[in-house]
Amino acid sequence: MIDLRSDTVTRPSEAMRRVMFDAPLGDDVWGDDPSVAHLEAYTAERTGKAAALFFPSGTQSNLVALLGHCQRGDEYIVGQQAHTYRMEGGGAAVLGGIQPQPIENEADGTLPLKKIEAAVKPIDPHFARTRLLTLENTFHGQVLDAGYVEAATTLARRFGLATHLDGARIGNAAAATGASLKALCTPFDTISICCSKGLGAPAGSVLVGAADFIETARRWRKVVGGGMRQVGMLAAACEYALEHQLTPLVEDHAKAERLAAGLAEIDGITVTAQATNMVFVEFTRPALDPADLHAWLKARDILVGALYAPRFVTHRDVSMADIDRVVDVVGEYFRRG
């Protein structure tokens, strides 16, 4: 099966499985799992932050970051299309009593600085207290411009706001720009890094930030059910992913470029965007039923997704030969008339 629904569908490599099998274990709720401790120290060093905390998922890592930065009745500024607002079940509001203040994202994923400034509430009992600015990198595959990040986080600090980055695919941003994880993380107070999107780990995310913040986050992790026991096998997989599987992400970007070029040649498809490892398309044939296309592709062992818009996501478990087959099969569908 050629699975282009997401880069979360990858499976651990043989080398990663060996690292997982050999990982020393302990009870992480007691702080006794050496593999978890090593991952946290390693990630903190790589990102230039004082401390780190291991989580089972990026959704939980982002949620705990919001709970750590905001109290009930506070609000966070967030993109209308951001994962932390749109795709994480409303957890901040449901579980934390934290009000989101969404701003429509520009096409490149940025939030206009003037709109951020206008969204900050005055200190007044009538308003939720604005506490936090959250950004996302990458955004639908696009890397946030470093100059914009610096300007946005500087603006946030001017208003006394903390800053959090949903860095679910920050590895793709690093691969695309050549910037280090530390450089990409430096402007933010906290960053959530997902190891199961593109990097090949079976599960796990790491939240990094100041030491006192991470201690607060450790309590919140327990409250929301994220305390895990002998979880060193997953931690070892995440450390292996961060150490060995960041640089190869450039290959996934090359696959996406090849896929976009091939799909663009097919009558009935318009490639609307290609960035890092994601390709977004529009179907221009009248009366085309996307469900029929998806079913037709699935019958030929190809899976594609449409969670945000019709999209194809390349990853380490898809080869260049697979990309060429997808183009051929999709082309065959549209040539049927």
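As a starting point, this report considers the structure included with it.

Reading the values: the criteria
- Residues numbered from 1 in each chain as written.
- Predicted model: local features only at pLDDT ≥ 70, side-chain atom pairs only at ≥ 80, totals over all residues.
- Heavy atoms only, no water.
- Core = buried A, V, L, I, M, F, W, Y, C linked by side-chain atoms within 4.5 Å.
- Buried < 20%, exposed > 50% of the residue type's maximum accessible area, 1.4 Å probe, protein only.
- Helix = DSSP H or I, 4+ residues; strand = E, 2+ residues; numbered from the N terminus.
- Contact = heavy atoms within 4.5 Å.
- Axes fitted to C-alpha atoms, helices over the stretch in contact; angles between N-to-C directions.
- Parallel < 35°, antiparallel > 145°, perpendicular 65-115°, else oblique.
- Left-handed = near helix turned anticlockwise from the far one by under 90°.
- Nonpolar A, V, L, I, M, F, W, Y, C, P; charged D, E, K, R; others polar.
- Pairing = 2+ DSSP bridges.
- Salt bridge = Lys/Arg side-chain N within 4 Å of Asp/Glu carboxyl O.

1. Quick word on the nonpolar core
Core analysis: the largest hydrophobic core is formed by 49 residues, its most contacted members being Phe 54, Ile 77 and Leu 135. Sorting elements by how many residues they give to this core places helix H11 (residues 232–244) first, with 6 residues. The contact partners of Phe 54, leaving out residues within four places of it in the chain, are Val 36, Leu 39, Glu 40, Gly 204, Ser 205, Val 206, Arg 221, Met 228, Val 231, Leu 234, Ala 235 and Cys 238. Ile 2, Leu 259, Val 281 and Trp 296 belong to the second largest nonpolar core, which has 25 residues in total.

2. Digging into the side chain of Thr 134
Within the secondary structure, Thr 134 is located in strand E5 (residues 129–136). Excluding its chain neighbours within four sequence positions, the residues that come into contact with Thr 134 are Leu 66, Tyr 76, Ile 77, Val 78, Thr 84, Leu 111 and His 164.

3. Quick word on the packing of helix H2 (residues 34–47) against H11
It is the contact of H2 with H11, at a shortest axis distance of 8 Å, that shows an interaxial angle of 25°. By the angle class used here, H2 and H11 are roughly parallel. The two elements H2 and H11 cross, and the hand of that crossing is left-handed. Contacts from Ser 35, Val 36, His 38, Leu 39, Tyr 42, Thr 43 and Arg 46 in H2 reach Gly 232, Ala 235, Cys 238, Glu 239, Leu 242 and Glu 243 in H11. Residue classes in the contact of H2 with H11 are distributed as 6 nonpolar, 4 polar and 3 charged.

4. Notes on the sheet that holds E5
Taken together, 7 strands build an open sheet; the order of strands is E2-E8-E7-E6-E5-E3-E4 and the sheet is mixed. The open sheet has two free edges, formed respectively by strand E2 (51–55) and strand E4 (99–103), since each of these has just one partner strand. When the angles between neighbouring strand axes are averaged without regard to direction, this sheet yields 20°. Against the sheet, helix H7 (residues 146–158) contacts E5 and strand E6 (162–167), and its axis sits at roughly 170° relative to E5.

5. Quick look at unusual backbone geometry
The omega torsion of the bond from Asn 137 to Thr 138 falls at 5°, within 30 degrees of zero and hence cis. Note on placement: Thr 138 falls in the loop between E5 and H7. Phi angles above zero are rare outside glycine, and His 140 is one such case at about 50°. You can see His 140 is positioned in the loop between E5 and H7. Residue Asp 301 is not a glycine yet carries a positive backbone phi of 65°.

6. Brief notes about the pattern of salt bridges
Oppositely charged side chains can pair when the atoms bearing their charge come close. Summed over the entire model, instances satisfying the criterion amount to 13 salt bridges. Measuring nitrogen to oxygen at the nearest pair gives 2.6 Å for the salt bridge that ties Asp 3 to Arg 5. Residue Arg 169 is joined to Asp 7 by a salt bridge in which the shortest nitrogen-to-oxygen separation is 2.8 Å. Of this pair, Arg 169 sits in the loop between E6 and helix H8 (170–177) while Asp 7 sits in the loop between strand E1 (2–4) and helix H1 (14–22); the two residues are 162 residues apart in sequence, bridging distant segments of the chain. The class for Arg 169 is buried, based on a relative accessible area of 10%. A network of salt bridges, in which partner residues are shared, links Asp 74, Arg 129 and Arg 131.

7. Topic: the environment of Thr 134
Judged by its relative accessible area of 3%, Thr 134 falls in the buried class. Residues Thr 134 and Gln 60, 74 residues apart in the sequence, show an inter-C-alpha distance of 15 Å.

8. Concerning the sheet that holds strand E10 (residues 278–283)
If you walk across this open sheet you meet the 3 strands as E9-E10-E12, and the pairing is antiparallel. In this open sheet, the two strands that pair with only one neighbour each are strand E9 (269–275) and strand E12 (311–313). Sheet twist, expressed as the average angle between the axes of neighbouring strands with direction ignored, equals 20°. For E10 and E12, the ladder comprises 3 bridges, and the chain directions are antiparallel. Along E12, the bridge assignment pairs Phe 280 with Arg 311. In the packing of helix H12 (residues 249–264) onto the sheet, contacts are made with E9, E10 and E12, and the angle to E9 comes to roughly 165°.

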